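Descriptive structure summary
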Amino acid sequence: MIIAIYPGSFDPVTNGHLDIIHRSSRLFDKVIVSVGRQVSKVPLFSASERVEMLQAVTADLPNVEVESFDGLLAHYVREREANVVVRGLRAISDFDYEFQLALAIKKLDENIETLFMMTNSEYSFLSSSIVKEIASYGGCVQGLVPPYVAEKLRYRYQKNN
Ligand code: ADP
């Protein structure tokens, strides 16, 4: 049984993330989407809100689970008895950090493989930060995030203003 972990901030989940989740769910027996609880930047949505949004938008995928984690990714992966870490790659600019992360994981546990999936060209520019920037000024995020997430963003920024 191959269990893959797809870790990230998912603040919030975008259609780019969702595309990686859909494609991974076809490749692995089980995919655990794991929301990092400790982020250096202050998140817009709490870890439990991010988990809840991910659960809502992946409810149609029976082999996908969502949870949050903290601590070292390599330790967490071992704890969940997973063998693979999935990450998405958009542009060259992603490469440097992703390369470092993959090598750090390998150093901590050589049995874990990090696999990269190329972004869908439609989403190559898409990031949670861009989505937040657009939503914070009242711009339309249709097509960038699932409608459920668009609604949460609208509500969050209305409350903040
Ligand atoms: P992190 O803060 O760990 O980078 P993110 O939530 O920003 O977390 O992203 C999680 C993973 O998803 C990363 O591997 C990132 O490169 C990937 N990702 C983000 N947006 C996209 C996208 N539009 N297409 C493909 N992969 C993406």
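Just above sits the structure.
Our subject in this report is the structure included herewith. No experiment lies behind these values; they were computed from the predicted model shown.

Considerations on helix α4 (residues 92-108)
In a regular helix each residue adds 1.5 Å, so 17 residues correspond to 24 Å; α4 covers 25 Å between its end C-alpha atoms and thus fits that length. Taken together, the buried positions of α4 are Asp 94, Glu 98, Leu 101, Ala 102 and Ile 105. Those residues of α4 that are buried lie in contact with α3 (73-79), β4 (84-89) and β5 (113-118).

Re the site of the ligand
In the vicinity of the ligand, 16 residues are found, and the nearest of them are Tyr 6, Ser 9, Phe 10, Gly 88 and Thr 119. In this structure, an oxygen atom belonging to the ligand sits 3.2 Å away from a side-chain N or O atom of His 17. Mapped by element, the contributors of at least two residues to the shell around the ligand are β1 (3-8), α1 (15-27), β4 and α4. In terms of residue class, the shell around the ligand is built from 6 nonpolar, 6 polar and 4 charged.

Section: the sheet that holds β1
If you walk across this open sheet you meet the 5 strands as β3-β2-β1-β4-β5, and the pairing is parallel. The open sheet has two free edges, formed respectively by β3 (64-69) and β5, since each of these has just one partner strand. Taken pair by pair, the neighbouring strands of this sheet meet at an average axis angle of 30°, ignoring direction. Taken together, the 6 bridges between β4 and β5 define a ladder with parallel strand orientation. For Val 84, the partnering residue across the bridge sits in β5 and is Glu 113. Against the sheet, α1 engages β1, β2 (30-36), β3, β4 and β5, with an angle of about 120° to β5.

What to know about a nonpolar patch on the surface
Side chains of Ile 92, Phe 95, Phe 99 and Leu 103 sit close together on the surface and give an oily, nonpolar patch of about 460 Å² of accessible area. Take Ile 92: it is sitting in helix α4. With relative accessibility at 77%, the residue Ile 92 sits in the exposed group.

Comments concerning the nonpolar core
Core analysis: the biggest nonpolar cluster contains 35 residues, and Tyr 6, Ile 21, Val 33, Leu 54, Val 141 and Leu 153 have the highest contact counts within it. Looking at this core, the elements that each hand over two or more residues are β1, α1, β2, α2 (47-57), β3, β4, α5 (128-136) and α6 (147-160). With 5 residues, α2 is the single largest residue contributor to this core. In this structure, Val 33 is in contact with Tyr 6, Phe 10, Ile 21, Leu 54, Val 64, Glu 65, Val 66 and Glu 67, ignoring residues within four places of it in sequence. Among the nonpolar cores identified, the runner-up in size contains 13 residues, and Ile 3, Ile 5, Ile 32 and Tyr 76 belong to it.

Some remarks on the pairing of β4
Taking burial as the measure, the 6 residues of β4 include 5 buried ones, the bulk of the element. In this sheet, β4 lies alongside β1 in parallel orientation, the contact comprising 2 bridges. The residue bridging Ile 5 from the neighbouring strand is Val 85, located in β4. What joins β4 to β5 is α4, and the crossover it makes is right-handed.

Quick word on the environment of Val 77
One can find Val 77 in helix α3. Among the residues examined, Val 77 registers a relative accessible area of 0% and is labelled buried. Distance in space between the C-alpha atoms of Val 77 and Ile 32 is 9.8 Å, their sequence separation being 45 residues. Setting aside residues up to four positions removed in sequence, Val 77 forms contacts with Ile 5, Ala 82, Val 85 and Ile 112.

A short note on unusual backbone geometry
Of note, the bond from Asp 11 into Pro 12 is cis; its omega dihedral lies within 30 degrees of zero at 0°. Looking at the element boundaries, Pro 12 is found in the loop between β1 and α1. A positive phi is found at Phe 10, a non-glycine position, where the angle reads about 50°. Here Phe 10 is to be found in the loop between β1 and α1. One non-glycine residue, Glu 81, adopts positive backbone phi at about 55°.

Calculation rules
Residues numbered from 1 in each chain as written. Predicted model: local features only at pLDDT ≥ 70, side-chain atom pairs only at ≥ 80, totals over all residues. Heavy atoms only, no water. Helix = DSSP H or I, 4+ residues; strand = E, 2+ residues; numbered from the N terminus. Expected span 1.5 Å × (residues − 1). Buried < 20%, exposed > 50% of the residue type's maximum accessible area, 1.4 Å probe, protein only. Contact = heavy atoms within 4.5 Å. Near = heavy atom within 4 Å. Polar contact = N/O pair within 3.5 Å; in protein donor to acceptor, adjacent residues only side chain to side chain. Nonpolar A, V, L, I, M, F, W, Y, C, P; charged D, E, K, R; others polar. Pairing = 2+ DSSP bridges. Axes fitted to C-alpha atoms, helices over the stretch in contact; angles between N-to-C directions. Patch = residues over 30% accessible without salt bridge, like charges linked within 9 Å, V, L, I, M, F, W, Y side chains within 5 Å. Areas by Shrake-Rupley, 256 points an atom, 1.4 Å probe, with all protein chains shown as cover. Salt bridge = Lys/Arg side-chain N within 4 Å of Asp/Glu carboxyl O. Core = buried A, V, L, I, M, F, W, Y, C linked by side-chain atoms within 4.5 Å. Right-handed = clockwise from strand over helix to strand, strands pointing away.

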